[in-house]
Amino acid sequence: MNKLLYISTAIAASAALTSCDDFLDTELLTQKTSGNFPATETEADEVLTGIYAHLLFEDPETSSAYYAAQLASDDCLGGNLSYSNNCATNFLMYTGSLNGYSGLWDRCYTLIHRANSALETLHNVQVWSSETEEKRHYGEVYFLRGITYYELAQMFGGVPLRLETSTDNLPRAEVDEVYYQIAEDLKQAIELLPNKNYFYGDAMTGHATKYAAEAYMARVFLFYTGRYGKTELPNGITKSQVVAWLEDCINNSGCELVSDQRNIWAYTNPTSQDNEGGFSYAYVVNNGLRWEGNSCKETLFANKHSLQSTWTYTWWTNTVCQFYSPSGDNNTSADGVSYPFGQGWGAGPVCPAMVKEWQAWSYQQEFLDGYTEDPRLTGSVWSYRAFDPNNKGTVIKDFRLCDDEPDYTVSTRYYEQTGYFNKKYINILAYNGSSCVNFGLVMYPGITSQTSQSLTSIQDLIHMRFADVLLMHSELTETADGLNKVRARSHLAPVSYSLENIKNERRFEFAFESLRWWDILRWSGPSLTEAGNLLNKQNDFQLINAAQLVNMVNFDYAARLQKTQGYWPIPQTEIDLSEGLLEQNPGWDASAMFSDWNNM
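Okay, so let's go over this structure.

Parameters and conventions
- Residues numbered from 1 in each chain as written.
- Predicted model: local features only at pLDDT ≥ 70, side-chain atom pairs only at ≥ 80, totals over all residues.
- Heavy atoms only, no water.
- 1 Å grid on protein atoms, 1.4 Å probe; cavity = no way out; pocket = protein on both sides within 12 Å on 5 of 7 lines; lining within 4 Å.
- Points joined across faces, edges and corners; volume = space filled by probe spheres on them.
- Helix = DSSP H or I, 4+ residues; strand = E, 2+ residues; numbered from the N terminus.
- Nonpolar A, V, L, I, M, F, W, Y, C, P; charged D, E, K, R; others polar.
- Buried < 20%, exposed > 50% of the residue type's maximum accessible area, 1.4 Å probe, protein only.
- Pairing = 2+ DSSP bridges.
- Axes fitted to C-alpha atoms, helices over the stretch in contact; angles between N-to-C directions.
- Parallel < 35°, antiparallel > 145°, perpendicular 65-115°, else oblique.
- Left-handed = near helix turned anticlockwise from the far one by under 90°.
- Contact = heavy atoms within 4.5 Å.
- Phe/Tyr/Trp six-rings, centres within 6.5 Å; stacked < 30°, edge-to-face > 60°.
- Lys NZ or Arg CZ within 6 Å of the ring centre and 35° of its normal.

### A word on the layout of surface pockets
Of the volumes computed, that of the largest pocket is approximately 870 Å³. Surrounding the largest pocket, 34 residues form its lining, Thr205, Gly206, Lys304, His305 and Ser306 being those nearest its centre. Listing elements by their share of the lining of the largest pocket, those giving two or more residues are α1 (41-52) and β3 (299-303). Here the residues of the lining of the largest pocket sort into 16 nonpolar, 13 polar and five charged. Computed from the structure, the second largest pocket encloses a volume of approximately 430 Å³. In terms of residue count, the dominant contributor to the lining of the second largest pocket is helix α5 (residues 102-121) (six residues). A per-class count over the lining of the second largest pocket returns seven nonpolar, eight polar and four charged.

Right under this line is the structure:
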């Protein structure tokens with residue numbers, strides 16, 4: 001009998017299961033099955049919603065390559081407790097068991113299963129409103145499956161390649177086979193999706209577009225050819241084809257750079273500055289910043305978030321903001337000390353070595369419009385005076401890069417408090433008339449009764465920006481036009497093209513957006529030598545562990561990277577279930593288990 005396909009409106013997800021032919025099958029007139037669903041375009045939309053739902057994640061520690069890449073790179077340390085998985089990730093190690101990324105594996109393969117089911121059942125739609133709409137639905141499915149296999153391949157290398165809803169036990173495909181399919185899916189998406197884009201105010205914001213697919217094809221091309229020392233993608237797609245797609249995106253997408261890069265990030269939102277309580281963020285006021293909002297014209301693709309989260313379903317909130325926010329152990333949101341930055345789990349503190357490198361690079365640049373330093377540094381990094389929680393008013397160390405930053409009373413438990421947190425993804429507060437809460441609750445009152453900062457971050461989690469399109473075009477064509485457009489936005493004088501200039505611009509333009517880890521891997525090529533040397537710069541500075549100023553532990557990241565070859569452990573449960581078809585990635589034996597920061 002056909003297995004039922006259930007739709008859960010509570011989590012806005014639909015799941016299509018497998019079907020089999022049987023002479024006893026009859027048409028089910030009251031139930032939705034893989035034989036009769038989706039029958040309408042509206043139901044096809046529900047199918048798409050069920051796929052998009054699995055871009056979101058509840059616990060980024062176990063379910064997100066975006067989060068792993070942030071903590072593994074040389075831009076950030078791990079943070080949180082001395083024995084935390086966050087610290088382990090920064091050291092390219094694991095805690096507890098090798099099932100740390102089981103959530104990511106399950107989320108990705110659930111999305112892939114739903115995409116495969118959609119490709120097998122969208123033909124059930126009896127009437128489409130137009131051929132364009134029919135193609136759009138197929139194009140979005142191919143896009144979502146392609147970028148999900150890309151996430152898996154970046155994390156694990158070769159993975160089982162499932163292209164239908166069969167549950168057969170499959171071995172790992174070769175890396176080239178997986179990238180062949182990624183490129184084919186993105187190519188299908190480019191060919192099927194209409195020449196449209198969806199910005200703020202459009203009911204379709206958040207949907208995949210042809211231009212997002214073109215940009216992702218360039219990202220995949222650069223990563224695959226760099227990481228594995230190739231000249232084209234496995235399906236024969238060449239650099240010239242990728243450049244042509246990027247130029248279509250540049251010329252026809254309607255995307256553009258926002259006025260000031262800092263206005264992309266939620267700390268510039270007006271509700272945090274304009275309120276009856278007199279609360280404001282001096283840095284925003286002094287620099288005349290104003291949020292250009294979610295789904296701005298620079299965003300090509302992002303996870304969309306809302307105020308719909310509950311303690312049962314938490315993934316509608318932007319969960320990384322909670323994890324990247326500083327500990328509230330010795331603070332309260334009411335005291336206003338760290339306003340507008342809210343509380344969280346203290347993960348991903350910014351590496352002081354990265355800040356020092358950024359300052360040194362900035363000093364060497366020529367600026368325009370009267371600027372004397374890169375505004376993105378203070379626009380991306382919250383630098384604070386670190387107060388001692390045991391002695392009120394006593395400063396442990398002043399890390400401030402500018403004087404209009406809020407202070408912070410450090411945690412008595414948390415480790416790797418470096419004096420720096422990223423401003424791009426962090427809980428942002430506003431005053432609601434009686435207390436300080438996440439700004440979305442003030443901007444959109446009456447939508448939810450939830451008030452926890454764990455459930456109410458509405459910022460887009462951006463995966464692809466137009467600035468990336470411009471810089472990828474410069475890198476592929478070895479021309480400076482796109483590079484200098486990005487620089488000019490931040491008042492930096494034009495420079496000639498060089499790969500070194502591209503590397504620096506990408507690092508500082510996309511700081512804390514989880515591109516750095518993948519960039520250093522691809523620029524290193526198969527040897528990974530360059531990446532190892534860069535990671536080893538995470539030393540020779542002080543940080544605060546449990547309210548005590550200490551030196552950073554001396555750790556050989558390069559040696560550890562060589563052992564793992566840049567891959568993360570396949571969940572052990574999947575290996576056990578595979579009956580010998582899956583083998584663990586190198587470097588993930590018992591010697592890679594992390595116990596405590598103090599034992600390094």
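Here the narrative resumes.
### Here we look at the environment of leucine 429
Inspection of the secondary structure puts leucine 429 in strand β9 (residues 429-431). In this structure leucine 429 comes out as buried when scored by relative accessible area, which is 3%. Residues leucine 429 and serine 338 lie 91 residues apart in sequence; the distance between their C-alpha atoms is 9.6 Å.

### Considering the sheet that holds strand β7 (residues 408-409)
Strand order in this open sheet of three strands is β6-β5-β7, and the pairing throughout is mixed. Looking at which strands have only one partner, the edges of the open sheet turn out to be β6 (395-398) and β7.

### Quick look at the packing of helix α6 (residues 131-156) against helix α8 (residues 210-228)
α8 packs onto α6 with a crossing angle of 25° between their chain directions and a minimal axis gap of 11 Å. One element, α6, and the other, α8, form an angle in the roughly parallel class. Remark: the crossing between α6 and α8 carries left-handed chirality. Here α6 contributes Phe143, Ile147, Tyr150 and Gln154 to the contact with α8, which in turn contributes Ala212, Ala213, Tyr216, Arg219, Val220 and Phe223. Broken down by class, the residue content of the contact of α6 with α8 amounts to eight nonpolar, one polar and one charged.

### Description of empty space enclosed by the protein
By the definition in use, this model includes nine cavities of 30 Å³ or more. Computed from the structure, the largest cavity encloses a volume of approximately 450 Å³. What lines the largest cavity is a set of 27 residues, among which Tyr150, Gln154, Tyr216, Arg219 and His463 lie closest to the centre. Going through the elements one at a time, α3 (65-72), α6, α8, β3, α15 (466-477) and α18 (516-524) are the ones with two or more residues in the lining of the largest cavity. A total of five residues in the lining of the largest cavity trace back to one element, the largest contributor, which is α6. Considered class by class, the residues forming the lining of the largest cavity number 13 nonpolar, six polar and eight charged.

### Remarks on the packing of aromatic side chains
Counted by the stated rule, this structure contains 44 aromatic pairs. Centroid distance phenylalanine 143 to phenylalanine 301: 5.0 Å. Interplanar angle 70°. Geometry classified as edge-to-face. Here the residue phenylalanine 143 occupies a position in helix α6, and phenylalanine 301 occupies one in strand β3, the gap between them amounting to 158 residues. A relative accessible area of 0% places phenylalanine 143 in the buried class. Summarising the aromatic geometry, the rings of tyrosine 281 and phenylalanine 341 are spaced 5.3 Å apart at their centres and angled 75° between planes, so their arrangement reads as edge-to-face. Here the residue tyrosine 281 occupies a position in the loop between α9 (239-252) and α10 (282-286), and phenylalanine 341 occupies one in the loop between α11 (319-324) and α12 (352-363), the gap between them amounting to 60 residues. Across the pair, phenylalanine 341 and tyrosine 281 agree in class, each one buried. A connected cluster of aromatic rings, assembled from ring pairs, spans Tyr94, Tyr101, Tyr150, Tyr179, Phe223, Tyr224, Tyr228, Trp517, Trp518, Trp568 and Trp588. Above the plane of the ring of tyrosine 283 lies lysine 423, whose end atom (NZ or CZ) is 3.8 Å from the centre.

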